[in-house]
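Report on the structure
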Amino acid sequence: MTEPADPELRHWATLLEELRWAAFLLDRDLRLVWASSEIARFLGSPTEEDLGYGLHVTKALSGEAWRRIATPESRARFWKDVGPFVAGDAAPHDQGLSGSVRAAIRESGPRPLTRAVASSLEYVEPDSDTDLPVYRVNLVVAPLRDEHGTFVGALALGYMSVRPGLVSLLARGDEAMYERMAKLVEPRSKEGAILFCDLEGSTDLARTLPSAEYFRLVRSLWTEIDALVARSNGIVGKHAGDGASAFFLVDDLGSASRAASAAITTARGIHDRAETVFGGASEPACLMRVGVHWGSSIYVGQLVPGGRLDVAALGDAVNECARIQESAPPGRTLASKPLVERLAQDDAARLDIDAEQIRYRPLEELDGASEKAAAVAGAIPVATP
């Protein structure tokens, strides 16, 4: 975004961009002169013209780019809270507002922006074709002054209506993976590798250990596995009991070979972590069953139920991968032929896989294949890479 001409405002713009805060700046005439890349992203990345650069804030924020990201009720609340401080004495500036909001501003009378003013909006995902829930964004508008105390403009800062203690839980996750998950806000058909894993022998171990100790071990394992997936540029799917899933999309990895390689690398790491975490807890140690498969058309996207954010995937390949994982021997990975044959020669060599020497068997011929696995994925050729 174009930086403000005023050096004092330009200083603020630099700080806000470095901090990656959702904010915008007004000049001394309360014209919109800058918006951070974070707030532009929340608005759907409109142009500076669509944002209303150079327009008085009441006109700029009445444009479609700003109007579409908030519910009508919360927009009215915002203008009632903030309008009197930014409308000033120039009545023409409020002509873009609805009649009721304009009347509320004029009824309270214009007031100078000498102190910070707070409000909030109910945020709506722009251009979304799904019924994503709205969430509250708190806002503060504060005057800015130079070293001599002269009014030079105003700062508007938006922040999530979440307590810092709760935000800190999110901050413990992998930021790059959250970015990949953010791309899936609209479900789409994607190509990539699928991984399912499950902990063998956990039921017996849970009976023999104190509940607190067993919980600590399982939490440690899933923390390690999630980190493995994140480092391989994957996306963690649902956790269910002692099992989990992950997806390595071509869009994120850059090629089919890299996506397949990431899935196999992660699978090997999962076995290592399971042995490390549970090695001293039982005899024999709990082992992971892991299955990796290729999906040419995985329908994947965010699920946003009331209490969490999940990424879910649908499609035949997803169901097949779950059955491949169920059929894997404890402590081993079963990989499908469609996945292994996505490996380019250099990736296969790095993994010490000789694709020409691998011998596959239909899943239904494996001793560990259940009737359900055979029915769903019985004809898929699999091997241990």
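Every chain is numbered on its own, with residues counted from 1 as its sequence reads. It should be noted that, the model being predicted, local features are given only for residues of pLDDT at least 70 and side-chain atom pairs only at 80 or more, the latter also being counted only at that level, while totals for whole chains, interfaces and linings use all residues. In computing side-chain properties, one takes all heavy atoms of the structure into account and sets aside hydrogens as well as water.

Once that is clear, we can look at the overall build of the chain. Assigned secondary structure in the chain consists of 17 helices and 13 strands. Each residue gets one of three labels from its accessible area relative to the maximum for its type: buried under 20%, exposed over 50%, partly exposed in between, using a 1.4 Å probe on protein chains only. Out of the 385 residues in the chain, the part that is buried amounts to 46%. When checking whether two residues touch, look at their non-hydrogen atoms; a contact exists if any pair is within 4.5 Å. Excluding contacts between residues fewer than 6 apart, the proportion of contacts in the chain whose partners are at least 24 apart in sequence is 64%. The Shrake-Rupley method, run with a 1.4 Å probe, gives the accessible areas here. Residue values count only the displayed protein chains as cover. A total accessible area of about 19600 Å² is found for the chain, and carbon and sulfur atoms account for 51% of it. Helix numbers and strand numbers start at the N terminus; a helix is a DSSP run of H or I with at least 4 residues, a strand a run of E with at least 2.

Turning our eyes to something else, we now look at the side chain of Ser 62. Here Ser 62 lies in the loop between helix H4 (57-60) and helix H5 (64-67). A polar atom in the side chain of Ser 62 sits 2.6 Å from the backbone oxygen of Thr 58. Counted as a polar contact is a pair of N or O atoms within 3.5 Å, where, for protein atoms, one must be capable of donating a hydrogen and the other of accepting one, and residues adjacent in sequence contribute only when both atoms are in side chains.

One pair of aromatic rings is described through two measures. These are the centre distance and the angle between the planes. Pairing of aromatic rings covers Phe, Tyr and Trp, the last through its six-membered ring, and needs centres within 6.5 Å; plane angles under 30 degrees mean stacked, over 60 mean edge-to-face, and all others mean tilted. Throughout the structure, instances matching the rule amount to three aromatic pairs. Aromatic pair Phe 78 and Trp 79: ring centres 5.1 Å apart, planes at 70°, arrangement edge-to-face. Classification of Trp 79 by relative accessible area gives buried; the value is 7%.

Turning next to the sheet that holds strand S2 (residues 32-35). Note: strands within a sheet are paired through backbone hydrogen bonds, in either parallel or antiparallel orientation. Pairs of strands are assigned from DSSP output, requiring at least two bridges between the strands. Spatially, S2-S1-S5-S4-S3 is the arrangement adopted by the five strands of the open sheet, whose pairing is antiparallel. Two strands lie at the open edges of the sheet, namely S2 and strand S3 (117-123), each paired on one side alone. When strand polarity is set aside, the average angle formed by the axes of neighbouring strands in this sheet is 20°. By the bridge criterion, seven bridges tie S3 to strand S4 (residues 135-145) in an arrangement that is antiparallel. Following the sheet pairing, Val 117 is matched in S4 by Val 141. Where helices are involved, their axes are fitted lines through C-alpha atoms of the stretch in contact, as for all axes, and angles between N-to-C directions lie from 0 to 180°.

Turning next to the packing of helix H11 (residues 211-231) against helix H13 (residues 256-278). One way to put it is that H11 packs onto H13 with a least axis distance of 10 Å and a crossing angle of 155°. Classified by the angle their axes make, H11 and H13 are roughly antiparallel. Classified by chirality, the crossing of H13 by H11 is right-handed. Facing Leu 217, Val 218, Ser 220, Leu 221, Glu 224, Ile 225, Leu 228, Val 229 and Arg 231 of H11, the residues of H13 in contact are Thr 266, Gly 269, Ile 270, Arg 273, Ala 274, Val 277 and Phe 278. Here the contact of H11 with H13 is built from residues that sort into ten nonpolar, three polar and three charged. Angle categories are assigned with fixed cut-offs, so that under 35 degrees is roughly parallel, over 145 is roughly antiparallel, 65 to 115 is roughly perpendicular, and the rest are oblique. By definition, turning the near helix anticlockwise from the far helix through less than a right angle yields a left-handed crossing, and turning it clockwise yields a right-handed one. The nonpolar class holds Ala, Val, Leu, Ile, Met, Phe, Trp, Tyr, Cys and Pro. Asp, Glu, Lys and Arg form the charged class, and all remaining residues, Gly among them, are polar.

For the rest of this paragraph, the subject is the confidence of the model for the chain. Chain-level pLDDT for the chain is 84 on average; 82% of the residues reach the 70-or-more range. Across the chain, each position has a pLDDT score giving the predictor's confidence in that residue, from 0 to 100. Scored below 50 in pLDDT, residues 165-169 makes one contact in the model with residues more than four places away or belonging to other chains.

This part covers the nonpolar core. Think of a nonpolar core as a cluster: buried Ala, Val, Leu, Ile, Met, Phe, Trp, Tyr and Cys residues, connected wherever their side-chain atoms sit within 4.5 Å. Counting residues in hydrophobic clusters, the biggest one holds 44 residues, and the most contacted among them are Leu 195, Cys 197, Phe 248, Phe 278, Met 288 and Leu 339. Listed by contribution, the elements that provide at least two residues to this core are strand S6 (188-200), H11, strand S8 (243-249), helix H12 (250-253), H13, strand S9 (287-303) and helix H15 (337-340). A total of ten residues in this core trace back to one element, the largest contributor, which is H13. With residues near it in sequence (within four places) discarded, Leu 339 still touches Ala 193, Ala 260, Ala 263, Ile 264, Val 292, His 293 and Trp 294.

It is worth spelling out the pattern of salt bridges at this point. Salt bridges are identified by distance alone: a Lys or Arg side-chain nitrogen within 4 Å of an Asp or Glu carboxyl oxygen. Within this structure, the stated rule accounts for eleven salt bridges. With a closest N to O distance of 2.9 Å, Arg 289 and Glu 200 form a salt bridge. Here the residue Arg 289 occupies a position in strand S9, and Glu 200 occupies one in strand S6, the gap between them amounting to 89 residues. Here the salt bridges share partners, and the residues they tie into one network are Asp 27, Asp 29 and Arg 31.

On to unusual backbone geometry, then. In this structure, Ser 45 is a non-glycine residue whose phi angle is positive, near 60°. If you trace the backbone, Ser 45 turns up in the loop between helix H2 (37-42) and helix H3 (48-51). At Asn 233, a position not held by glycine, the phi torsion is positive, near 65°. Relative to the assigned elements, Asn 233 resides in the loop between H11 and strand S7 (235-240). With a relative accessible area of 33%, Asn 233 lands in the partly exposed category.

This part takes up helix H14 (residues 316-327). Its twelve residues place the ends of H14 17 Å apart at the C-alpha level, agreeing with the 16 Å of an ideal helix rising 1.5 Å per residue. With nine of its twelve residues buried, H14 lies for the most part within the structure. By the burial criterion, the buried members of H14 are Ala 317, Val 318, Glu 320, Cys 321, Ala 322, Arg 323, Ile 324, Gln 325 and Ser 327. Working rule for helices: expected span equals 1.5 Å times residues minus one.

For Ser 327, the position within the fold is in helix H14. By relative accessible area, Ser 327 is classed as buried at 4%. Looking at Ser 327, its side chain comes within polar contact range of the main-chain oxygen of Arg 323, at 2.9 Å. Non-local contacts of Ser 327, meaning those with residues more than four positions away in its chain, are made with Leu 334, Leu 363, Leu 366, Gly 368, Ala 369 and Ala 373.

The next point concerns the state of the cysteines. Pairs of cysteine sulfur atoms within 2.5 Å are what we label disulfides. One pass over the full model with this rule turns up zero disulfides. Here Cys 197 stays free of any disulfide, with the sulfur of Cys 321 as its closest cysteine sulfur at 9.7 Å. Classification of Cys 197 as buried rests on a relative accessible area of 3%. Of the residues examined, Cys 321 reaches a relative accessible area of 0% and is grouped as buried.

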